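The chain contents come next:
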Amino acid sequence: STPVTYAAGLAATAQKGIIVKGGAKLEALGNVKTVVFDKTGTLTEGKFHLTHLDAVGGMKDRREVLSLLSTMEAPSSHPLAATLVNAAKAEGIEQSANAQVADHTILHGEGVQAMVNGEQVYVGNVRLFERLGMYDALNVVDRRRAESWNEEGGTVGFLGLDGVGIVGMFCVSDVVRSEAASVVGSLMKDEVKVLMLTGDGEGAAISVAKRVGLDRSQVCCNCLPEDKVHFLKIEMGTKAEKTTSTSFGSNGNVLFVGDGVNDGPAIVTADVGVAMGEGAALAMEISDVTLMDSKLENITFCMSLGKKVVATVK
Ligand code: ADP
Ligand code: MG
């Protein structure tokens, strides 16, 4: 193939809105043998729509639940937060102007908490409500319903009040990026190992995995941000062992691609850390590669360009 120098390679990537931090990173891209994808906002668009919403336990009605969810999520940056705020607006529910919100805190991989009018409120996933000891108190019928939403492939969330318990539950669904399946397919055809990590639950994880052509063994769900880091380190460690036990040259780099908002630690850990989606520009500082237009096929593009650079440099 035609020789590609560092400068030519960097120019070619820049033209597609791919920011690669220097020639050495292009070479590293050329040696990638494992690609690890985040799910939400990476393999999916991170554009959720509300599929179910119910009041639970008779404390609040459906409108009150949606209103409080909207109040809780207005300051959050997670992709599903905007969905709840917009769903409330669509039903003519404005956040009550006199709601006093204080101590709004993001609980990474779990949800959010805040004081609303002096009451401690939580919004988040099963993990959060198990930790708070509220999930076990949820009645069997509602729990079954949550499980069935999860099996449909949705992301299930709950609204809870301290000292009261769960008062509402909802389900949101995300759209898989149109090019995700073909990018995953072409990586696997090239014998690249492909994996998916997600903080989301098993139902939503497996549903997305299936749609992009991954099986259960390629998926790790319910990951906290630090679990993603740990998982990557193990993947990178396996690679180091292989180097000593085989006679083939390089055993390749591990590439991680995630959204810039909450995947920072994993992006920093991987041999090649790629940021895309919502927070891409924010994560530029810490990532090796930034995809400004979030096209997944740009990953395979810069990997094959990297191969040409490696061939030229050698
Ligand atoms: P991922 O992007 O891989 O889904 P995150 O760490 O961003 O992982 O989130 C993990 C899970 O935590 C989400 O799937 C969701 O269930 C829950 N979660 C995170 N942020 C919020 C939020 N603002 N409101 C409700 N649930 C949330
Ligand atoms: Mg994410």
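All values derive from a computational prediction rather than experimental measurement.

Visitor: How would you explain the sheet that holds strand 13 (residues 289–291) if you had to name every residue and give the values?
Guide: Ordered by their spatial adjacency, 7 strands build an open sheet running 1-13-12-11-2-9-10, and the pairing between neighbours is mixed. Looking along the sheet, the strands with just one partner apiece sit at the ends: strand 1 (18–20) and strand 10 (219–220). Inspection of the sheet shows strand 2 (residues 32–38) paired to strand 11 (residues 253–259) by 5 bridges, in the parallel sense. When the bridges of strand 11 are listed, Val-32 appears paired with Asn-253.

Visitor: I'd like to hear about the site of ligand 1, residue by residue, with values.
Guide: Neighbouring ligand 1 are 21 residues; Thr-40, His-78, Asn-125, Gly-199 and Asp-200 lie closest to it. Contributions of two or more residues to the shell around ligand 1 are made by helix 3 (39–43), helix 5 (79–90), strand 5 (111–116), strand 6 (119–124) and strand 7 (155–161). Along the lines of polarity and charge, the residues of the shell around ligand 1 split into 4 nonpolar, 12 polar and 5 charged. When we break the shell around ligand 1 down by domain, the ones giving at least three residues each are domain 1 (6–45 + 176–313) and domain 2 (49–173).

Visitor: Now, about the sheet that holds strand 5: what can you tell me, with residues and values included?
Guide: Strand order in the open sheet made by the 6 strands is 3-8-7-6-5-4, with antiparallel pairing throughout. Edge positions in the sheet fall to strand 3 (49–55) and strand 4 (101–107), since each has one partner strand and no second. Geometrically, the sheet is characterised by an average inter-axis angle of 15 degrees between neighbouring strands, direction not taken into account. As judged from the 5 bridges shared by strand 4 and strand 5, these two strands associate in the antiparallel manner. What sits directly across from Val-101, in strand 5, is Val-116.

Rules and cut-offs
Residues numbered from 1 in each chain as written. Chains lettered and ligands numbered in written order. Predicted model: local features only at pLDDT ≥ 70, side-chain atom pairs only at ≥ 80, totals over all residues. Pairing = 2+ DSSP bridges. Helix = DSSP H or I, 4+ residues; strand = E, 2+ residues; numbered from the N terminus. Near = placed C-beta within 6 Å. Nonpolar A, V, L, I, M, F, W, Y, C, P; charged D, E, K, R; others polar. Domains from an automatic or database assignment. Axes fitted to C-alpha atoms, helices over the stretch in contact; angles between N-to-C directions.

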